[in-house]
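For reference, the chains in residue letters:
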Amino acid sequence: MKNKKVTAMDVARLAGVSQSSVSRAFSENSSISSKKKKLILEAAEQLGYQPNAIARGLITNQSRIIGIVMRNIQNPFYPEILDKFYSRLAEKGYKVMFINSQNNEIQEDEVSHLIEYSVEGAIITDALLTSSTVQKFTRNGISVVLFNRYVNDSLSSAVVCDNFAAGKRIGHYLIEKGHENPAFISGPMNTSTTVDRKNGFQEALKEHGISSFLTENGLYSYDGGFAAAEKLLEQDKKIDAIFCANDISAFGAMDYLKKQGIRIPEDISVIGFDNVAMSDWSSYELTTWHQPVDEMVDYSINLLLKHINGDTDAPEIQRIEGHLVERGSVADRR
């Protein structure tokens, strides 16, 4: 015999209260006396009752679910970010629905999945939003915040590191350390993250009289960084520094250089971006740019909740400063 599922009506019957009182007992900030709530919770425990969050969400029109869409989970930066979002949202009483997007752009079925479960808001990390996708979210009352990238003229708010300022500081730093022939390993050029880091780097080099530098796309991946370093060295053996647009591509570049017997930093300096935990490993000791992820995550959540609660409807792009972390992968050539 299949066990009969315990319902709120069963709890109400045992506790001698109305079904609506049971609902209020399991809802935050509801008006119910402590005595009655205690009676209901004891009855629920006796029966083994657990409230149905989805059903409650349909009644209250508040699912307490936030969708997080993430594509490149192989990049150690993003699993670290996901953990922080999960913890912070849990503290605020929200559940997370995780979507591992398989394409550069969010697909129709992924959007439909979020809508089907009535998420109250969505945080999009490294997947791209089309204007039609934004409109679909908007029509269904789902607030969206982009994390670690933004889209110009978009209806969506975004929280990013100040990538232009960071790229510029990295350019000045390498020149100040005596480097004369730096190169750049980028990510995909259709993202604000890559564009801003490259443009900041380029502006700094121009201020020091360097009008051009080699660039290869490392795809923000280990294999991409490995292949990009090989292509750069094929074009110019005199490169003395490589700025990689993220840490995982820097690890790939460093391993290629080591495989070729090229010493880091004696022959070529390498600098990354993100400051993931692996950057501090003794096998890399990577000098890198620290993204203020805790502050970025907190700001993203607070901004999203403002949109959900109707406290703001104007899109906002918030840029947060990071800082350079010096380790052993950059030489002083002065």
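Criteria and cut-off values
Residues numbered from 1 in each chain as written. Predicted model: local features only at pLDDT ≥ 70, side-chain atom pairs only at ≥ 80, totals over all residues. Heavy atoms only, no water. Helix = DSSP H or I, 4+ residues; strand = E, 2+ residues; numbered from the N terminus. Expected span 1.5 Å × (residues − 1). Buried < 20%, exposed > 50% of the residue type's maximum accessible area, 1.4 Å probe, protein only. Contact = heavy atoms within 4.5 Å. Polar contact = N/O pair within 3.5 Å; in protein donor to acceptor, adjacent residues only side chain to side chain. Domains from an automatic or database assignment. Buried area = accessible area lost by both parts, 1.4 Å probe. Pairing = 2+ DSSP bridges. Right-handed = clockwise from strand over helix to strand, strands pointing away. Axes fitted to C-alpha atoms, helices over the stretch in contact; angles between N-to-C directions.

1. Quick look at helix 12 (residues 293–308)
For helix 12, spanning 16 residues, the distance from its first C-alpha to its last is 22 Å, which sits close to the expected 22 Å at 1.5 Å a residue. Turning to helix 12, its buried residues are Val 293, Met 296, Val 297, Ser 300, Ile 301, Leu 303, Leu 304, Leu 305 and His 307.

2. Section: the environment of Thr 130
Relative to the elements of secondary structure, Thr 130 occurs in the loop between strand 3 (121–124) and helix 7 (131–139). Here the alpha-carbon distance between Thr 130 and Ile 106, two residues 24 residues apart in the chain, equals 7.9 Å.

3. Here we look at the environment of Tyr 222
Mapped onto the secondary structure, Tyr 222 falls in helix 10 (residues 222–235). Leaving out residues up to four positions away in the same chain, Tyr 222 has contacts with Ile 248, Phe 251, Gly 252, Asp 255 and Tyr 284. A distance of 2.6 Å separates the side chain of Tyr 222 from the side chain of Asp 255, its partner in a polar contact.

4. Structural notes on the domain arrangement of the chain
When cut into domains, the chain gives domain 1 (8–51), domain 2 (65–161 + 293–322) and domain 3 (163–290). For domain 2 versus domain 3, the distance between C-alpha centres works out to 28 Å. Listed by partner, the interface residues are 12 residues for domain 2 and 17 residues for domain 3. Both sides together, the interface formed by domain 2 and domain 3 hides about 1,200 Å², and carbon and sulfur atoms give 48% of it.

5. Describing the pairing of strand 2 (residues 95–100)
Bridge count between strand 1 (residues 65–70) and strand 2: 6 bridges; the pairing is parallel. The partner of Ile 66 across the bridge, within strand 2, is Val 96. Between strand 1 and its parallel partner strand 2, the chain crosses via helix 5 (residues 77–91), and the hand of that crossover is right-handed.

6. Observations regarding the sheet that holds strand 2
Here 6 strands make up an open sheet; going across it, the order is 2-1-3-4-5-11 and the pairing parallel. At either margin of the open sheet sits one strand with a lone partner, and together these are strand 2 and strand 11 (317–320). Taken over all neighbouring pairs, the strand axes of this sheet differ in orientation by 20° on average, direction set aside. Of the strand pairs in this sheet, strand 3 and strand 4 (residues 143–147) are connected by 4 bridges, and their pairing is parallel. Directly across from Ala 122, in strand 4, lies its bridge partner Val 144.

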